[in-house]
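What the coordinates show
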Amino acid sequence: MLENVILLFFSLLLLGSVFTGVPILAALFAGLLIFSGYARYQGFSLKEIVGMWAAGVKTIRNILMTFVIIGFLTGLWRAGGTIPTIVYYASGVIDPALIVLLTFVLNCLLSFLMGTSFGTAATMGLISMTIASTLGASKALVGGAVLSGIYFGDRCSPVSTSALLTADLTGTNLYDNIQRMMKSALVPFLLSLVFYGLMGGGEGTAETVSAVKHLFASHFDVSYAMLIPAASILVLAFFRVAVKKTLFVSVVLSFLCAYLYQGLSLPAILHVMFFGFTSPDPQLNAMLRGGGLLSMAGTTGIVMIGSCYSGIFNKTGLLRNIESVLLALTKRFFPFAGVFGAATISSLIGSNQTLAIIMTRDLSRKIMPDGKELALAIEDTAVVMSALVPWCIAGAVPLTFIGAPISSMLFAFYLYALPLWRLGKAALAERQDA
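The chain appears in an unreviewed UniProt entry as NhaC-family sodium-proton antiporter from Acidaminococcus intestini. Per its UniProt entry, the chain bears the Subcellular location (unreviewed entry) comment "Cell membrane". On record in UniProt, under Sequence similarities (unreviewed entry), the comment for the chain is "Belongs to the NhaC Na(+)/H(+) (TC 2.A.35) antiporter family."

Written out as structure tokens, the structure reads:
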């Protein structure tokens, strides 16, 4: 009973944070104190509680170093011209009649290259919304296409922090996971193409496209050489080079692009690496501002606090009531149904994607003990479902970036199609085996 009260109070705390504008880190830290207090109530010493924190953080130690490299990379890809060049050439293929479909596809491509939903929303997502609004397309519909697209890559990119986190938590190989993710996402992806293709587009001219291209061309060298840092990610990932090495190579190449082609000084490049890209041009700044090591501070804090939760949950059994319900659900139906339930609860309680992933792993280890199967199940549920919760920052923040209404979540077709497709397949397989 006490456990249920604590979890309910924590859920209300997160909801209050979202609706009042209190930083989510503050709410998460308060949650850490509450869960630690529960552990103390259960008879654990302060030393043991700190040990629980450490045990949780230990599970994600490898990803913290990767966060540092990704922070550098997101700044350098902006300043070095990689993102402007991608947007420059991608913008040239936009057809007003297919703006919604192209919005989905272009955000899929850029999110796969960048591995970040927020970064893609702040660049290609913002540009897509600007062009779509000019052409008279529905903001809610375009916002849904953006949301679907940014989480396509956030889920399965070699440089995605959520994919890295899932691999670390389940003790699996990132590249093996990506192969399985591509297979499981094929049908939902194709269905999404059909859906957004049927939704049509807007009316008007492509003048906005020309204006955007002119803006980037006037501030950056947008030659094909700027695509090399992005291409290196794909090539090295194909040859299964270790993730950190792959990212480091792209950082070096982006550094050279910024220095040799964009004409930035070494101090300016270092500033971008740590503090992100900014521009004195207001329009360009609105589209490209961000990245850098500092931009990863919030994510790092969320991951570390979330991992501390994991350590406490494991030792105190705080989630055992929920585990019991999910295990009963699994016995009544099939394992994926249990993971689906765990992801739903975790997304509603967690209020952010990272915590949803960690909680789903914690709740599902007994349901699906095989690490490879669990990793894929998490990627097909918690990673995308967390963006469908209105008070979860996974969906709310990107929509805020692009100026789309919260109703856009209703049109995020891919985010519904993927978990429901997997659920349907699992149900059919269970019925055939019965």
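In this section: the environment of Met304. Assignment of secondary structure puts Met304 in helix H16 (residues 297-316). Considering only alpha carbons, one finds Met304 and Val57, 247 residues apart in sequence, at a separation of 5.9 Å. For Met304, the residues in contact, after removing those within four places along its chain, are Val57 and Leu64.

Turning to the nonpolar core, a few remarks are in order. By size, the foremost hydrophobic cluster in this structure holds 139 residues, and its most contacted members are Leu28, Phe35, Phe216, Tyr309 and Leu415. Sort the elements by how many residues they give to this core and helix H6 (residues 99-114) lands first, with 10 residues. In this structure, this core is formed jointly by two domains, domain 1 (59-294) and domain 2 (318-431), each of which donates at least three residues. Apart from the residues lying within four places of it in its own chain, the contact partners of Phe216 are Pro84, Val87, Ile127, Val222, Leu284, Met287 and Leu288.

Turning to the pattern of salt bridges, a few remarks are in order. Here the structure, examined in full by the defined rule, presents 4 salt bridges. Across the pair Arg361 and Asp362 runs a salt bridge whose closest N-O atoms are separated by 2.8 Å. In terms of burial, Arg361 and Asp362 fall into one category: buried. Among the charged side chains, a network of salt bridges with common partners joins Arg155, Asp380 and Arg422.

Let us now look at helix H3 (residues 46-58). The end-to-end C-alpha distance of H3 is 18 Å, a good match for the 18 Å that 13 residues give at a rise of 1.5 Å each. Looking at H3, one finds that the buried residues are Ile49, Met52, Gly56 and Val57. Down the axis of H3, the sector holding all buried residues measures 130 degrees, keeping them to one side. For H3, the exposed residues lying more than 90 degrees away from the buried face are Lys47 and Lys58.

A few words now on the packing of aromatic side chains. In this structure the tally under the stated criterion is 14 aromatic pairs. With 5.2 Å between their ring centres and 40 degrees between their planes, Phe152 and Phe189 make a pair best called tilted. Here Phe189 lies in helix H10 (residues 174-198) and Phe152 lies in helix H8 (residues 139-156), a separation of 37 residues in the sequence. For the pair shown, Phe152 and Phe189 are each scored as buried. With 4.6 Å between their ring centres and 10 degrees between their planes, Phe195 and Phe413 make a pair best called stacked. Pair noted here: Phe195 is in helix H10 and Phe413 is in helix H23 (residues 413-433), with a separation of 218 residues, a long-range link. Look at Phe195 and you get partly exposed, because its relative accessible area is 22%. When its relative accessible area of 25% is taken as the criterion, Phe413 is described as partly exposed. Each member of the aromatic cluster is reached from another via a ring pair, and the members are Phe104, Phe152, Phe189, Phe195, Tyr196, Phe413 and Tyr414. For Lys213, the ring lying beneath its charged end belongs to Tyr88, and the centroid distance is 4.8 Å.

Rules used in this analysis
Residues numbered from 1 in each chain as written. Predicted model: local features only at pLDDT ≥ 70, side-chain atom pairs only at ≥ 80, totals over all residues. Heavy atoms only, no water. UniProt positions renumbered as here; feature names shortened; annotations may be inferred. Helix = DSSP H or I, 4+ residues; strand = E, 2+ residues; numbered from the N terminus. Contact = heavy atoms within 4.5 Å. Core = buried A, V, L, I, M, F, W, Y, C linked by side-chain atoms within 4.5 Å. Buried < 20%, exposed > 50% of the residue type's maximum accessible area, 1.4 Å probe, protein only. Domains from an automatic or database assignment. Salt bridge = Lys/Arg side-chain N within 4 Å of Asp/Glu carboxyl O. Expected span 1.5 Å × (residues − 1). Arc of directions from axis to C-beta. Phe/Tyr/Trp six-rings, centres within 6.5 Å; stacked < 30°, edge-to-face > 60°. Lys NZ or Arg CZ within 6 Å of the ring centre and 35° of its normal.

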